[in-house]
Amino acid sequence: MQELSENILLACKDLSLGYEGHPVADGVSFTLERGDYLCIIGENGSGKSTLVKTLLSLQPSLSGSIAWAERVTVGYLPQQTPVQRDFPATVEEIVLSGFLAKSGLRPFFRKQEKGLAQEKMARLGIGHLKKRCYRELSGGQQQRVLLARALCATGDLLLLDEPAAGLDPKVTAELYELIASLNRDEGITIIMVSHDLPAVRSYATHVLHVMHGGCTFGTLAQYAASDAGKLFFAEAEA
Amino acid sequence: MSFSEFLTFFDYPFVWYALVVGTLIALCSSLLGVTLVLKRFSFIGDGLSHVAFGAMAVAAVAGLTNQMIIILPVTIAAAVLLLCTSSRKTKLNGDASLAMISVSALALGYLIYNLSDSPNVSGDVCTTLFGSTSILALTQTDLWICIVMSVAVTVLYILFYHKIFAITFDETFAKATGVKTGIYNLLIAVVIAVIIVLAMNLVGSLLISALVIFPALCGMGLFRSFKGVVISSACVSVLCALIGILASIWLMTPTGSTIVAVDLIAFLIFSAAGFAARRARRA
């Protein structure tokens, strides 16, 4: 594994992604620096979620290399599962579970961790909901709970897999603004899978377009000027 | 039976053994039951207990005095197979493979029982399936095995409570942030297998699912925190087991099915209470 320069958080080279030897996307190469806001776009089934899972080592890559900077912690906002929607747990219980990876074999949470969880909940505007049951919350509130949990797991990098899926436009806009402020004010690097091109245009610093047979990566301006970008943005506007 | 006759039963140690063992098994099965029900694995208890039944048949035909040597490892292996591989992409999906293992173990178990030269095959089978009165025939060794196992399960559950919560709620997130979910899933599988094998004495292998799912369902309808659900289901389960054992002595009914009947009544009461609570909140 090659040494990464100081500011680089993650470098992927010639990744090929897929299941059981069947590649869905290949030639995925990009680098991510601290403070970047990277949007991953592409058609359905092009391998966006597969890329996220591969980055999180939930599944192996078929070929290519992924190099992480040392001591990077990752927070993940997965797409919701049906199990979670009617889960009997309080907001506080769920947010606290974000600390688990750091607590090792210690069976209980520290006071300091409970305080931090409280801070994250307040930061995301759900402090008043902490004793409420998760299944009784609205979709937007649930996403904030999961975001608070992800923030408990990391201060470095958030990976968001279609965070706005199923939310109404107003709540979606608020959620995007919140994510952008975490990026802007707290320097948290963002990788977001999104279908929402206006959001990509207003918030992303970099874009990775995943597709069969190669991918396009660049800053937002570079991507918008590329052939793939012109086509994609034009299609979205049509 | 008059009440004074009923009281004389408490002079016998086997009644106390049954009460202690019943309470402990009910406690352990309800703790893990919450996780199983929430992870959509409600039927795993049923499947594993059928596997245990099959293993017991093999042990009986082989003429082993200590049947645990076969039953426990086989059940643990089945639990690990079912719980730890289903999350991955397998050719056969989870509930189909569970149903398949479950019925084949049951069928082969009965087949093997019939090969044995026991004079009372149908009696033996009925006892293993429905528990009948074997809970009232426990030896002191059974009692100690059960106490040690139950204490171990409870201590493990408390130590790993937060991990179990995280894996139940969102295994993907836990794994992505670096929690070793594989090990905890393995732990859960082994513990469940141990509980199922212990619980076969109490309610028999056909009725174990009730001990696993009813207490959890009771708590889930009414409580809004995971901790609340776990604690309430433990209390409900222990209470139902005690009432069930006492009622079965009083009414001279089979212990296992009496406990399950009490669990069912508790579930109905809790559902009604949950329904009333939701209406009150909306009004």
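Residues numbered from 1 in each chain as written. Chains lettered and ligands numbered in written order. Predicted model: local features only at pLDDT ≥ 70, side-chain atom pairs only at ≥ 80, totals over all residues.

Undergrad: Pulling in residues and values, what's your account of the overall build of chain B?
TA: Summing up its helical and strand segments, chain B has 13 helices and 0 strands in all. In chain B, the order of α-helices and β-strands from amino to carboxyl end is α-α-α-α-α-α-α-α-α-α-α-α-α. In terms of C-alpha radius of gyration, chain B reaches 19 Å, essentially the compact-globule figure of 19 Å for 283 residues. The dimensions of chain B, computed from C-alpha atoms along their principal axes, are 55 × 50 × 30 Å. Looking at chain B as a whole, 46% of its 283 residues are labelled buried. Sequence separation of 24 or more characterises 75% of the internal contacts of chain B that already satisfy a separation of 6 or more. (Helix = DSSP H or I, 4+ residues; strand = E, 2+ residues; numbered from the N terminus. Rg over C-alpha atoms; globule rule 2.2 N^0.38 Å. Buried ≥ 20, exposed ≤ 12 C-beta atoms within 10 Å, placed from the backbone. Contact = placed C-beta atoms within 7 Å.)

Undergrad: Now, about the environment of Leu-32 of chain B: what can you tell me, with residues and values included?
TA: Positionally, Leu-32 of chain B belongs in helix H2 (residues 13-38). In contact with Leu-32 of chain B, other than residues within four places in its own chain, are Ile-188, Val-191, Ile-192 and Ile-195 of chain B.

Undergrad: Any chance you could break down the interface of chain A and chain B for me, citing the residues and the numbers?
TA: Often, the extent of an interface is quoted as the loss of accessible area upon association of its parts. Of the residues lining the interface, 21 residues belong to chain A; the matching set on chain B comes to 27 residues. Of all elements in the fold, only strand S5 (74-77), helix H2 (82-85), helix H3 (91-96) and helix H4 (100-103) of chain A reach the threshold of two or more residues within the side of chain A that touches chain B.

Undergrad: Break down the pairing of strand S1 (residues 8-19) of chain A for me, with residues and values.
TA: For a regular strand, the rule is simple: side chains alternate between the two faces of the sheet. Residues and elements named next belong to chain A. The pairing of S1 with strand S2 (residues 22-33) spans 8 bridges and is antiparallel. The residue of S2 that forms the bridge with Gly-18 is Pro-23. Turn length for the S1-S2 hairpin, with the two strands adjacent in sequence and antiparallel, is 2 residues, and the turn residue Glu-20 shows positive phi of about 45°. In the sheet, S1 pairs with strand S4 (residues 63-68) via 5 bridges, with the strands oriented antiparallel. Pairing of Ser-16 across the sheet is with Ser-63, part of S4. (Pairing = 2+ DSSP bridges.)

Undergrad: Could you give an account of the packing of helix H6 (residues 139-153) of chain A against helix H7 (residues 169-186) of chain A, naming the residues involved and the relevant values?
TA: Residue and element names in this part refer to chain A. Relative to each other, H6 and H7 sit at 20°, their axes nearing to 10 Å. When the axis of H6 is compared with that of H7, the two are roughly parallel. Of the two possible hands of crossing, H6 and H7 adopt the one that is right-handed. Judged by residue contacts, Gly-139, Gly-140 and Gln-143 of H6 engage Val-171, Glu-174 and Leu-175 from H7. (Axes fitted to C-alpha atoms, helices over the stretch in contact; angles between N-to-C directions. Parallel < 35°, antiparallel > 145°, perpendicular 65-115°, else oblique. Left-handed = near helix turned anticlockwise from the far one by under 90°.)

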